[in-house]
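Chain by chain, the residues run as shown.
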Amino acid sequence: MRAVTETLSTQDGPMKLHEVRPDTSSDAPRSAVIVIQEGFGVDPYIRSVARRYAEAGHLAVAPHLFHRTGDPELGYDDPTSAFPHIRALTQEGLLTDIAATLGRIEESGIPAAGVGVVGFSMGGSVVMALGAALELGAGVSFCGGGGGGLTQARLFGLPPLIEVAKGFRTPWLGHFGDLDAYIPVDDVERLRTAAALSPVHTEIVRYAEAGHDFYCDARPEHLHEKSAAEAWRLTDAFLDSRLKR
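Parameters and conventions
- Residues numbered from 1 in each chain as written.
- Predicted model: local features only at pLDDT ≥ 70, side-chain atom pairs only at ≥ 80, totals over all residues.
- Heavy atoms only, no water.
- Axes fitted to C-alpha atoms, helices over the stretch in contact; angles between N-to-C directions.
- Helix = DSSP H or I, 4+ residues; strand = E, 2+ residues; numbered from the N terminus.
- Parallel < 35°, antiparallel > 145°, perpendicular 65-115°, else oblique.
- Contact = heavy atoms within 4.5 Å.
- Pairing = 2+ DSSP bridges.
- Core = buried A, V, L, I, M, F, W, Y, C linked by side-chain atoms within 4.5 Å.
- Buried < 20%, exposed > 50% of the residue type's maximum accessible area, 1.4 Å probe, protein only.
- Arc of directions from axis to C-beta.

Quick notes on the packing of helix α3 (residues 91-106) against helix α4 (residues 122-133)
Angle between the axes and distance between the axes: these two values describe a pair of packed helices.
Working step 1: Running from N to C, α3 and α4 point in directions that differ by 80°, and their axes come no closer than 11 Å. With respect to their mutual orientation, α3 and α4 come out roughly perpendicular. For the pair α3 and α4, contact is made by Gln91, Leu94, Leu95 and Ile98 and by Val126, Leu130 and Ala133, respectively.

So, the sheet that holds strand β1 (residues 2-10)
Working step 1: Pairing is mixed in the open sheet, where 8 strands are placed in the order β1-β2-β4-β3-β5-β6-β7-β8. Two strands in the sheet have a free side with no partner beyond their single neighbour: β1 and β8 (202-207). Adjacent strand axes in the sheet meet at a mean angle of 20°, parallel and antiparallel pairs treated alike.
Working step 2: Where strand β6 (residues 138-142) meets strand β7 (residues 172-177), 4 bridges bridge the pair, whose relative direction is parallel. The residue bridging Phe142 from the neighbouring strand is His175, located in β7.
Working step 3: Relative to the sheet, α4 contacts β3 (32-36), β5 (115-120), β6 and β7, its axis offset from that of β5 by approximately 140°.
Working step 4: The strands touched by helix α6 (residues 185-195) are β7 and β8; relative to β8, the strand with the most contacts, the crossing angle is about 165°.

Some thoughts on the nonpolar core
Working step 1: By size, the foremost hydrophobic cluster in this structure holds 47 residues, and its most contacted members are Ile34, Ile36, Ile105, Phe156, Trp172 and Leu191.
Working step 2: Tallying contributions element by element places α4 first for this core, with 6 residues.
Working step 3: Setting aside residues no more than four positions away along its own chain, Trp172 makes contact with Val127, Met128, Gly139, Val140, Ser141, Leu191, Ala195, His201, Thr202, Glu203, Ile204 and Phe238.
Working step 4: If you look at the next biggest cluster of nonpolar residues, it comprises 31 residues, including Val20, Val33, Val118 and Leu243.

Quick word on α6
Working step 1: Taken together, the buried positions of α6 are occupied by Asp187, Val188, Leu191, Ala194 and Ala195. Seen from one end, α6 has its buried residues packed into an arc of 120°, which puts them on one side. Seen from the open side of α6, the exposed residues pointing more than 90 degrees away from its buried face are Asp186 and Thr193.
Working step 2: Looking at the buried residues of α6, the elements they touch are α4, α5 (161-165), β7 and β8.

In structure tokens, the structure reads:
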């Protein structure tokens, strides 16, 4: 594998892009996964996820979405430090950043139908926003819509994500823990009903023993290994079945 940091041009200035290319005989991957960061930046955990997808044969990229606010890499000790950076994100800015990212992917000959986008916590919300705005191969959200984002207009200048989900244009899979203190189970079920109204295939999987960030092995106090293993298995299967190669 080959990991590099590129700098892309966007309408709002330069944006770094962490890119990991798989080891292939032709050096030409036929699919791509965009990894969308949590609220902590493109940190070692997000880079490890990109590496994971490159090992699976995808071109993996992680755009630095906080480039407008200094592109910090924040630690886990104070989650509130992420709030100013998250609040600065807008749908227009996100679409600008993803357009630049897709342009980079297209240079490798991979069409939109061969691109999946996978996001975590804040990134899971971003995936939902993108899924209603773009036609990609697949979208996967881990613990997206926390802090009331499912039922309130709190994120990226968008309506509540439950309303956004009704207009999904990208096939979507959502992972949620029943013990998540930030996302009530009733809201997850409302999201399931709303997403089913969209014209594309959608799925939601709930994990009875899992809380928020249950997928993250960089935070052992949050990780629920059994649930995480199942979520990764289902995510891989979803991407493999949906991405056009």
